[in-house]
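Now for the letters of each chain:
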Amino acid sequence: MPVSSANSRVIYDALKDAGVSIISALPETWLVHLVSMADDDPEVTLVRLNKEEEGVGISAGAHLAGKKSAMLMQNHGLLTSINGIVSLAQLYRIPLLMLISYRGEMGERDPWQTEGGLVTERVLDALGIMYRKMSDPSLVARDIRQAQTLAESSLRPVALLLTRELMWEE
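Residues numbered from 1 in each chain as written. Predicted model: local features only at pLDDT ≥ 70, side-chain atom pairs only at ≥ 80, totals over all residues. Heavy atoms only, no water.

1. Notes on the nonpolar core
Right, on to step 1. With 32 residues, the main nonpolar core has I11, L15, I23, L99 and I144 as its most contacted residues.
Right, on to step 2. Within the residue set of this core, elements represented by two or more residues are α1 (5-17), β1 (20-25), α2 (32-40), β3 (68-74), β4 (96-101), α7 (140-154), β6 (157-162) and α8 (164-167).
Right, on to step 3. Residue contacts for I11: discarding those within four places in its chain leaves L34, L99, V140, I144, L162, L166 and M167.
Right, on to step 4. Counting 18 residues, the second-largest nonpolar core is a separate cluster that includes M73, L78, I94 and L127. (Core = buried A, V, L, I, M, F, W, Y, C linked by side-chain atoms within 4.5 Å. Buried < 20%, exposed > 50% of the residue type's maximum accessible area, 1.4 Å probe, protein only. Helix = DSSP H or I, 4+ residues; strand = E, 2+ residues; numbered from the N terminus. Contact = heavy atoms within 4.5 Å.)

2. Concerning the pairing of strand β5 (residues 130-134)
Right, on to step 1. Here β5 runs beside β6; their pairing, made up of 5 bridges, is parallel. Bridging from a neighbouring strand, R132 pairs with L160 of β6.
Right, on to step 2. Taken together, β5, α7 and β6 form a β-α-β motif whose crossover is right-handed. (Pairing = 2+ DSSP bridges. Right-handed = clockwise from strand over helix to strand, strands pointing away.)

3. A word on the side chain of Q90
Right, on to step 1. Along the polypeptide, Q90 turns up in helix α5 (residues 82-90).
Right, on to step 2. Look at Q90 and you get buried, because its relative accessible area is 15%.
Right, on to step 3. Here L127 takes part through its backbone oxygen, which lies 2.9 Å from a polar atom of the side chain of Q90.
Right, on to step 4. Every residue in contact with Q90, bar those within four places of it in the chain, is listed here: I85, L127, I129, R156 and P157. (Polar contact = N/O pair within 3.5 Å; in protein donor to acceptor, adjacent residues only side chain to side chain.)

4. Quick word on the packing of aromatic side chains
Right, on to step 1. Overall, the coordinates contain 1 aromatic pair when judged by the stated rule.
Right, on to step 2. Where W30 meets W168, the ring centres are 5.9 Å apart and the plane angle is 45 degrees; that geometry is what we call tilted. Here the residue W30 occupies a position in the loop between β1 and α2, and W168 occupies one in the segment after α8, the gap between them amounting to 138 residues.
Right, on to step 3. Under the relative-accessibility criterion, W30 is labelled buried at 1%.
Right, on to step 4. With relative accessibility at 17%, the residue W168 sits in the buried group.
Right, on to step 5. Directly above the aromatic system of W168 lies the positively charged group of R164, at a separation of 5.3 Å from the ring centroid. (Phe/Tyr/Trp six-rings, centres within 6.5 Å; stacked < 30°, edge-to-face > 60°. Lys NZ or Arg CZ within 6 Å of the ring centre and 35° of its normal.)

5. Quick look at α5
Right, on to step 1. Taken residue by residue, α5 has G84, I85, A89 and Q90 as its buried positions. An end-on view of α5 places all buried positions within 140 degrees of arc, on one side of the element.
Right, on to step 2. Contacts made by the buried residues of α5 are with α3 (54-64), α4 (75-80), β4, α6 (111-127) and β6. (Arc of directions from axis to C-beta.)

Okay, structure coming up:
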């Protein structure tokens with residue numbers, strides 16, 4: 001599989017180092033190793049979702065219980081989660097750490113992914129969600145730690161976009 005298992009491990013270890021103990025996810029090609037690592041880790045609770053918006057509720061519950069969580073999703077999943085993000089997380093000041101596979105940018109081979117890639121950053125901007133593209137494995141731990149800190153201090157959603165350079169092995 002061309003998804004980088006080594007960089008997925010870097011991301012997963014950084015999530016754990018940031019104190020994340022609950023991860024919600026839907027199956028997605030670029031996230032396959034991350035989901036598998038969470039599933040195999042007895043210290044982490046993996047919540048498998050039917051639709052991405054459910055992850056907003058999982059993260060809200062985790063926050064209210066004093067736990068740190070992360071939502072793993074594709075950028076199309078972000079688009080389907082907007083109602084929950086706006087009407088729950090933003091309205092009630094719930095920190096969300098969202099790791100989003102940034103499909104549809106340069107090098108995308110799947111035509112069904114391209115439309116989401118065209119609007120992802122504009123949607124995040126329109127919602128006032130701070131985000132950072134992650135492409136350098138050596139900066140992943142810093143990026144995740146900073147995003148988690150910002151989500152908690154601002155009590156708002158924060159997004160990390162997992163780029164092709166980070167997630168793909170060619």
